[in-house]
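Report on the structure
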Amino acid sequence: MSKTAESAQEIRHDWSRKEVQALFDLPMNDLMFQAQTVHRQHFDPNAVQLSTLLNIKTGACAEDCSYCSQSVVNDTSLKVEPLMHQETVMESAREAKKNGASRFCMGAAWRSPTPKGFERILEIIGGVKSLGLETCATLGMLSNEQAHQLKEAGLDYYNHNLDTSAEYYDKVITTRTYQDRLDTLSFVRDAGMKVCCGGIVGMGEEQTDRVGLLLTLANLDHHPESVPMNLLVKIEGTPLADTEDLDIFEFIRCIAVARILMPRSMVRLSAGRQSLSDEAQAMCYLAGANSIFYGERLLTTDNPEADQDRMLFGRLGLHPMETEADAARESELAAADAGAHTQVNEQADEQQAVH
Ligand code: SAM
Ligand code: DTB
Ligand code: SF4
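Tallying secondary structure elements over the protein gives 13 helices and ten strands in all. A sequence separation of at least 24 residues applies to 76% of the contacts in the protein between residues at least 6 apart. For the protein, the accessible surface area stands at approximately 16,000 Å², while carbon and sulfur atoms represent 52% of it.

Have a look at this one:
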């Protein structure tokens, strides 16, 4: 079997630290070529999935995540807002759909959902789903039962990030453990929802921590269907506000390595786009990013205006991906196509050997 066709079919969960480090060590051009090659085996290289994000409950979160504007321990002058009413969320979801988003992601600043809030969340999810949008939520830690209830209510994706390596984790968050996060992820997976899980880079971690984060994600039993790569948004009043800037090529490397390790996952260019030039974003797409948050607001910080993204898509010849179901179909077709080519090549090889 040709090397190309082989890698189109093989999804690995046994990456070694050495292999991942070796990808980071590649010259940029070699890394980009490899990432783009893998990307083309599984996806339309010019399609980007658009998700719109809405913070449905803001601030006063009991966790101490040192990057976050919404932690009660960070003095960020953020206005605390209670859980939104269903109709308010629906209005935003309709607007997001009208603007071309295929998925609507709802974030709540909770350590874990409160019992009353959770009942309302189930109704909100049902409502958004009825608009024909894919639904995603990020509500903090979940119990096994809550994960099943969310699935039943119509939730397609649950976002819960590992954020960084197991080794660097307690420099960033002390109020819940890495294992707590892994437990929530396995409840989500067992309940049959799709997993959206990634991390943040540029928090003062070493490259070995970025290797560790991507290695952990890639060696999960199932790769997350969606892997958000966030570049730290420095927020005044948080302990990470004055962190030194990460070299932007290092961020692009992370995207490329994620693409190679998790070939069928959607790699999302998430927070931090406001600090990226058009050229840097173009390199992220070339490295295999195929999903973004679309719309002028992330949770509590700004994102590029929709018009700005439309313009950049025009200049780069990119187009919005319909839904992830379409992406999965595309991925299967690309793999089947690679398989068919291999068969043809093998038949040709056999014929050559015969003659
Ligand atoms: N409370 C929930 C939780 O932590 O799971 C949901 C919301 S939380 C804000 C979602 C994710 O956003 C975090 O896990 C983190 O990866 C990302 N995030 C938050 N603040 C960020 C920042 N300032 N820069 C980059 N990413 C950030
Ligand atoms: C994710 O990985 N990134 C999004 C989403 N999941 C919820 C959040 C980014 C937050 C950026 C900082 C803010 O706007 O508060
Ligand atoms: Fe709370 Fe999530 Fe912010 Fe951490 S990242 S403080 S859990 S809202």
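Following the structure, the description resumes.
Quick look at the site of ligand 1 now. In the region of ligand 1, 17 residues are neighbours, and Y67, T138, N161, D163 and V233 sit closest. In the environment of ligand 1, a nitrogen atom lies 3.1 Å from a nitrogen or oxygen atom belonging to the backbone of Y67. N161 is positioned with one of its side-chain polar atoms (N or O) 2.9 Å from an oxygen atom of ligand 1. Here ligand 1, which alone exposes 550 Å², has 91% of that area covered by the protein. Given that more than half its atoms are within 2 Å of the pocket grid, ligand 1 belongs to the largest cavity.

Time to look at the pattern of salt bridges. With the rule as written, the count across this model stands at 18 salt bridges. Across the salt bridge formed by R12 and E19, the nearest N and O atoms sit 2.8 Å from each other. Each of the salt bridges in this network shares a partner with another, and the network as a whole consists of R12, D14 and E19.

Around ligand 3, a shell composed of C61, E63, C65, Y67, C68, S71, A109 and R176 is seen. In this structure, ligand 3 is accommodated by the largest cavity. For the shell around ligand 3, the class distribution of residues is five nonpolar, one polar and two charged.

Below, the discussion takes up the pairing of strand β2 (residues 103-108). Across the six residues that make up β2, a large majority, six, are buried. Of the two faces of β2, the one holding R103, C105 and G107 and the one holding F104, M106 and A108 are both buried throughout. By the bridge criterion, six bridges tie strand β1 (residues 47-57) to β2 in an arrangement that is parallel. From the neighbouring strand, S51 faces β2, where its bridge partner is R103. Handedness of the β-α-β unit built from β1, helix α4 (residues 86-98) and β2 comes out right-handed. Following the backbone out of β2, through helix α5 (residues 115-130) and into the adjacent parallel strand β3 (residues 134-138), one traces a crossover that is right-handed.

Phi angles above zero are rare outside glycine, and A60 is one such case at about 55 degrees. With respect to the helices, strands and loops of the structure, A60 is situated in the loop between β1 and α4. A60 gets classed as partly exposed once you look at its relative accessible area, which sits at 46%.

What follows concerns α4. In a regular helix each residue adds 1.5 Å, so 13 residues correspond to 18 Å; α4 covers 18 Å between its end C-alpha atoms and thus fits that length. Among all positions in α4, only V89, M90, A93 and A96 are buried. End-on, the buried residues of α4 take up no more than an arc of 120 degrees, which puts them together on one face. Relative to its buried face, α4 has exposed residues pointing more than 90 degrees away, namely E91 and K98. Contact partners of the buried residues in α4: β1, β2 and α5. Just beyond α4, the residue with positive phi is G100, at close to 105 degrees.

Conventions adopted
Residues numbered from 1 in each chain as written. Chains lettered and ligands numbered in written order. Predicted model: local features only at pLDDT ≥ 70, side-chain atom pairs only at ≥ 80, totals over all residues. Heavy atoms only, no water. Helix = DSSP H or I, 4+ residues; strand = E, 2+ residues; numbered from the N terminus. Contact = heavy atoms within 4.5 Å. Areas by Shrake-Rupley, 256 points an atom, 1.4 Å probe, with all protein chains shown as cover. Near = heavy atom within 4 Å. Polar contact = N/O pair within 3.5 Å; in protein donor to acceptor, adjacent residues only side chain to side chain. 1 Å grid on protein atoms, 1.4 Å probe; cavity = no way out; pocket = protein on both sides within 12 Å on 5 of 7 lines; lining within 4 Å. Sits in = over half its atoms within 2 Å of the grid points. Salt bridge = Lys/Arg side-chain N within 4 Å of Asp/Glu carboxyl O. Nonpolar A, V, L, I, M, F, W, Y, C, P; charged D, E, K, R; others polar. Buried < 20%, exposed > 50% of the residue type's maximum accessible area, 1.4 Å probe, protein only. Pairing = 2+ DSSP bridges. Right-handed = clockwise from strand over helix to strand, strands pointing away. Expected span 1.5 Å × (residues − 1). Arc of directions from axis to C-beta.

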